[in-house]
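Structure assessment
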Amino acid sequence: MTTVGVGMVGHAFMGRAHSQAWRSVGPFFDPPLTPVMTALAGRDAARTGAAARALGWASAETDWKELLRRDDVQLVDVCTPGDSHAEIAVAALDAGKHVLCEKPLANTVAEAETMVAAAERARARGIRSMVGFNYRRVPAVTLARRLVAEGRIGTVRQVRAQYLQDWLTDPASPHTWRLDRDRAGSGALGDIGAHIIDTAQFVTGQLLTGVTALTETFTHERPLPGGGTAPVTVDDAALFLGRTDGGAIATFEATRVAAGRKNALRIEVSGSAGALSFDLESLNELWFHDATEDAATAGFRRIVVTEDAHPYAGRWWPPGHMLGYEHTFTHQMADLLTAIAEGTDPSPSFADGLRVQRVLAAVERSAAEGGGWSTVEGNV
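From a predicted model like this one, the values you see are computed outputs, not experimental measurements. (Residues numbered from 1 in each chain as written. Predicted model: local features only at pLDDT ≥ 70, side-chain atom pairs only at ≥ 80, totals over all residues. Heavy atoms only, no water.)

1. Digging into the pairing of strand β1 (residues 3-9)
Just so we agree on the cut-off: For each residue, the accessible area found with a 1.4 Å probe, counting protein chains only, is set against the maximum for its type, and the residue is called buried under 20%, exposed over 50%, and partly exposed in between. In this text, helices come from DSSP runs of H or I with a minimum length of four residues, and strands from runs of E with a minimum of two, each type numbered from the N-terminal end. Two strands pair if DSSP finds at least two bridges between them. A clockwise path from the first strand over the helix to the second, with the strands pointing away from the viewer, defines a right-handed crossover.
Burial of β1 is extensive: six of the seven residues sit out of reach of the surface. Bridging between β1 and strand β2 (residues 34-41) involves seven bridges; their strand directions are parallel. Its bridge partner being in β2, glycine 7 is matched across the sheet by alanine 39. In this fold, the crossover linking β1 to β2 by way of helix α1 (residues 13-29) has right-handed handedness.

2. Regarding the UniProt feature "domain: Gfo/Idh/MocA-like oxidoreductase N-terminal" (unreviewed entry) in the protein chain
The following threshold applies: UniProt positions are given in the numbering used here, feature names are shortened, and annotations may be inferred rather than shown by experiment.
Under the UniProt annotation, the feature "domain: Gfo/Idh/MocA-like oxidoreductase N-terminal" (unreviewed entry) is placed at residues 5-123. Structurally, residues 5-123 is divided into 49% helix and 20% strand, and its ends, taken at the C-alpha atoms, are 19 Å apart.

3. Describing the packing of aromatic side chains
Filter applied, for reference: Pairs were defined over the aromatic rings of Phe, Tyr and Trp, the Trp ring being its six-membered one, requiring ring centres within 6.5 Å. Orientation was assigned from the angle between planes: stacked under 30 degrees, edge-to-face over 60, tilted for the rest.
A complete count under the given rule lists nine aromatic pairs for this structure. Taken together, a centroid distance of 6.3 Å and an interplanar angle of 55 degrees make the contact between tyrosine 135 and tyrosine 325 tilted. With tyrosine 135 in the loop between β6 (129-132) and α6 (139-149) and tyrosine 325 in helix α9 (residues 325-342), the pair connects residues that are 190 residues apart, well separated along the chain. You can call tyrosine 135 buried: its relative accessible area is 5%. Site record: aromatic cluster; members linked through ring pairs are Phe13, Tyr135, Tyr163, Tyr325 and Phe329.

4. Observations concerning the packing of α1 against α9
What counts here: For helices, the axis comes from a line fit to the C-alpha atoms of the stretch in contact; other axes are also lines fit to C-alpha atoms, and the angle between any two N-to-C directions lies between 0 and 180 degrees. Two helices crossing with the near one rotated counterclockwise from the far one by less than a right angle form a left-handed crossing, whereas a clockwise rotation gives a right-handed crossing. Throughout, a residue-residue contact means that at least one pair of heavy atoms, one from each residue, lies within 4.5 Å. Throughout this entry, Asp, Glu, Lys and Arg are counted as charged residues, while Ala, Val, Leu, Ile, Met, Phe, Trp, Tyr, Cys and Pro are counted as nonpolar. The remaining residues, Gly among them, count as polar.
At a closest axis distance of 7 Å, the pairing of α1 and α9 adopts a crossing angle of 65 degrees. In the packing of α1 onto α9, the handedness of the crossing is right-handed. For the pair α1 and α9, contact is made by Phe13, Met14, Ala17, His18, Gln20, Ala21, Trp22, Ser24, Val25 and Phe29 and by Tyr325, Glu326, Phe329, Thr330, His331, Gln332, Met333, Ala334 and Leu337, respectively. A class-by-class count of the residues in the contact of α1 with α9 yields 12 nonpolar, six polar and one charged.

Spelled out as structure tokens, the structure:
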């Protein structure tokens, strides 16, 4: 097989980002499998047809189950709200389709466990699955992981992680599905907190084993686009402390009401011999401190992560020419296609997604119990 037919479910924000990635991965990465953008599935025929034409899909379906019946679709890309992830992904895997599923993997631990079980069944038949934590594929973040693994900052002692957005700061901002617990699972915690949990575990190579947490909803009702209001049933912000299985301590903050912050995913890792710092709003930069250098000149130094020697960067432009948010999805597709072609397990796996889901559940449990210590089940 030299090509793989892709069927995607959903065509809003993530659908557009994934479509861009499927279009660009072949020309820039020359993967061992060439993706064919076969079919786009959505609920509304007119909107889905228009999206398919605009985004480069060859056909449109109004029922995602049709993708499973099509012989020209070998991979299903799930870009829907979290309440449908488990149903679509499990059905696709059981039908013999490879699956890429957006994060967080599911809305509950039970759903995520069901998805992992389906992934294991499918894996025995050579069918692969991956969860879409795209920020792992920022070249600077992948470089940070490499430096930690090489021992460049010594033993990891502390992690500070934040994801700060402000799009819900105004109480008049309209209600969306992301504010409905039944559809989204949780608010800032699952939407963007999942990213910093995965990023921290990815960069350090350590798993969170327990947390103590607070969550808060500041605006309890928001206007609907067509008139009236609807209740907000998720958190606006989440704060928690944690410990890792490697002996480090960590602080996390996820909020969608941080006025003035647009998309500030930040992580700083402090070790016994140095430190690393990253901010998504300057995503081509990694700051590195080598504490073993002479104190007279030691300090954080900026690394512009655009060299051929840096992860992914050499497939794009000459050094110094910056990459953006959309490139992370292309890197994700390149790695997935390579894993499928080579018969290896792509990363992050559904099992990795479950590990994040268990942390999210522990955070919610702690917050509901007034901030008490909550063990992350399965990570201890």
